[in-house]
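# Topology and contacts: notes
Here are the chains, one letter per residue:
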Amino acid sequence: MKTRKLGNDLEVSAIGLGCMGMSFAYDPLPDKNEMISLIHSAYEMGEKFFDTAEIYGPYTNEELVGEAVSSFRDKVVIATKFGFNIVNGKQAGTNSRPEHIRKVVEESLKRLKTDYIDLLYQHRVDPNVPIEDVAGTVKDLIKEGKVKYFGLSEAGVNTIRRAHAEQPVTALQSEYSLWWRHPEKELIPTLQELGIGLVPFSPLGKGYLTGSLNSSSTFSNKDFRSILPRFTTEALKANQAVVDLLAQIAKEKNATPAQIALAWLLAQKTWIAPIPGTTKLHRLKENIDSTDIELTTEDLTKIEIASSKITLTKDRYPDELERTTGL
């Protein structure tokens, strides 16, 4: 597996593994032991970058990841996140107060069966806590050896700059794909300037860019996509053009649409490391093999021209979830 560098010196596999769906958000949830086996397979195939969060479950995903990587803990990078109140097993608003961050870190360390967290993200910006206080708290945790690197998730440019001035930000996690290109406007230029890596979550559009969904696809009320505007029948049909584009390029490259979507991301910047999630071994291998696909300048130009003519409909999340969701 090829590697990439986030920030100044955090080396990760070019493709990481988003573990959220192994115990949260999608229906039906898979067997825990099968997911431990899948993480072992990912490691054996060269993936060394595993993403989780306390809110996934809540708590059960960190426990799963901790158990799965225990035999090779020092050879992988674990990323986890803080930033929410959790009440009766439900997300209950943001909370990045310094004392809360410390409490969450101690609990995450126990669940992950480790004495340090490689990359600690603020999951969502807390409007009630100055970002300098958040960065300063993580700075202290780094000095104590409990955390190695500081990250932000879905933060804006001003927040990133303020945090970075207090404690260098190693990575920003944000949704980014051919399905959601908003980061290209301001975020990516800012990250380039400051030397911060980008970790795209949902790089396959929550499954849409794989080509496995269409306007007839339905989702149970336990699948969080059932409430997302882009997964209505109308939107799925209207946005089919981007999947058709990927399928066309994939056919020329003897690849899959998902592989082209990931290869496109990897071709954007050398400091981008996407974290597609999966619960299936064949999808895991498919994602990893995307690192071997070379998109030429002509390929990228073709994708750019074609995608510029596609107007994707609907927002990512309902308005009430846009800034607070941990997904």
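Sequence order as written defines the numbering, with residues in each chain counted from 1. Only residues with pLDDT of at least 70 get local features here, since the model is predicted, and only at 80 or more are side-chain atom pairs given and counted; chain-wide, interface and lining totals rely on the full set of residues. Side-chain calculation: all heavy atoms of the structure are included, whereas hydrogens and water are not.

### A closer look at the overall build of the protein
Strands here mean DSSP runs of E at least two residues long; helices mean DSSP runs of H or I at least four residues long; both are numbered from the N terminus. Summing up its helical and strand segments, the protein has eleven helices and eleven strands in all. As a reference, a globule follows 2.2 Å times the number of residues to the power 0.38, and the radius of gyration itself is taken over C-alpha atoms. In terms of C-alpha radius of gyration, the protein reaches 19 Å, essentially the compact-globule figure of 20 Å for 327 residues. Principal-axis analysis of the C-alpha atoms gives the protein an extent of 50 × 45 × 40 Å. The Shrake-Rupley method, run with a 1.4 Å probe sphere, supplies the accessible areas, and residue values consider only the shown protein chains as cover. Carbon together with sulfur atoms contributes 48% to the accessible area of the protein, which is approximately 14000 Å² in total.

### Describing the packing of helix α1 (residues 32-44) against helix α2 (residues 60-69)
Helix axes are fitted only over the stretch in contact, all axes being lines through C-alpha atoms; the angle between N-to-C directions runs from 0 to 180 degrees. Interaxial distance between α1 and α2 falls to 9 Å at its minimum, and their mutual angle equals 50 degrees. As judged from the angle between their axes, α1 and α2 are oblique. Between α1 and α2 the crossing geometry is right-handed. Taking contact as the criterion, the partners of K32, M35, I36, I39 and H40 in α1 are, on α2, L64, V65, E67, A68 and V69. Of the residues belonging to the contact of α1 with α2, the class tally is seven nonpolar, one polar and two charged. For classification purposes, angles smaller than 35 degrees are called roughly parallel, those larger than 145 roughly antiparallel, those between 65 and 115 roughly perpendicular, and all remaining angles oblique. By definition, turning the near helix anticlockwise from the far helix through less than a right angle yields a left-handed crossing, and turning it clockwise yields a right-handed one. Contacts are assigned to residue pairs that have any heavy atoms within 4.5 Å of one another. Following the grouping adopted for this structure description, the nonpolar residues are Ala, Val, Leu, Ile, Met, Phe, Trp, Tyr, Cys and Pro, the charged ones are Asp, Glu, Lys and Arg, and the polar ones are all others, Gly among them.

### Comments concerning the sheet that holds strand β9 (residues 147-153)
Pairing between two strands is assigned when DSSP locates at least 2 bridges connecting them. As summarised here, the arrangement of the seven strands in space is β3-β4-β5-β8-β9-β10-β11, forming an open sheet in which the pairing is parallel. The open sheet terminates on both sides in strands that have one partner only, identified here as β3 (17-18) and β11 (197-201).

### Thoughts on the packing of aromatic side chains
Side-chain rings of Phe, Tyr and Trp (the six-membered ring for Trp) are treated as a pair once their centres are within 6.5 Å; stacked means planes under 30 degrees apart, edge-to-face means over 60, and tilted covers the remaining angles. Taken as a whole, this structure holds six aromatic pairs when the rule is applied. Relative to F72, the ring of Y43 lies with its centre 3.9 Å away and its plane at 0 degrees, an arrangement referred to as stacked. One end of the pair, Y43, is in helix α1; the other, F72, is in the loop between α2 and β5 (77-82), and 29 residues separate them in sequence. The exposure classification of Y43 matches that of F72, with both residues buried. With a centroid separation of 5.4 Å and 70 degrees between ring planes, the pair formed by W179 and F231 is classed as edge-to-face. Exposed residues in this analysis have more than 50% of their type's maximum accessible area, buried residues have under 20%, and partly exposed residues fall in between, with area computed by a 1.4 Å probe over protein chains only.

### As for helix α4 (residues 131-143)
One fewer than the residue count of a helix, multiplied by 1.5 Å, yields its expected span. With 13 residues, α4 ought to run about 18 Å at 1.5 Å a step, and its terminal C-alpha atoms sit 18 Å apart, in line with that. Residues of α4 that are buried include every one of I131, V134, A135, G136, T137, V138 and L141, and no others. Turning to α4, the residues buried within the fold contact β5, α3 (98-111), β8 (117-122), β9 and α5 (157-166).

### Observations concerning the nonpolar core
Nonpolar cores were defined as sets of buried Ala, Val, Leu, Ile, Met, Phe, Trp, Tyr and Cys residues, with membership established by side-chain atoms within 4.5 Å. Ranked by internal contacts, the top residues of the largest apolar core, which has 88 residues, are I39, F50, L152, Y208 and I260. It is helix α9 (residues 257-268) that provides the largest number of residues to this core, a total of eight residues. Those residues within four positions of I39 in sequence are excluded, and the remaining contacts are L17, C19, M22, F50, V65, A68 and V69.

### Observations regarding the environment of V243
Summarising the element assignment, V243 is placed in helix α8 (residues 240-253). A relative accessible area of 5% places V243 in the buried class. When the C-alpha atoms of V243 and D126 are compared, they prove to be 35 Å apart, with 117 residues separating the residues in sequence. Each residue touching V243, except ones within four places of it in the same chain, is listed here: Y208, L209 and G211.

### Comments concerning helix α10 (residues 281-289)
Every buried residue belonging to α10 is among L284, E286, N287 and I288, and all of these are buried. The secondary structure elements touched by the buried residues of α10 are β3, α1 and α9.

### A look at the pairing of strand β10 (residues 169-175)
Of all seven residues that make up β10, seven are buried, and the element is covered over most of its length. Summarising the sheet, β9 and β10 pair through four bridges and their orientation is parallel. Residue pairing in the sheet places F150 in a bridge with V169 of β10. The pairing of β10 with β11 spans five bridges and is classified as parallel. Residue A171 lies in a different strand from β11, and its bridge partner there is G197.

### A closer look at the pattern of salt bridges
Salt bridges, as used here, are contacts in which a Lys or Arg side-chain nitrogen is within 4 Å of a carboxyl oxygen on Asp or Glu. Summed over the entire model, instances satisfying the criterion amount to 22 salt bridges. Residue E106 pairs with K146 through a salt bridge whose shortest N-O separation is 2.5 Å. Here K146 lies in the loop between α4 and β9 and E106 lies in helix α3, a separation of 40 residues in the sequence. For K146, a relative accessible area of 23% translates into the label partly exposed.

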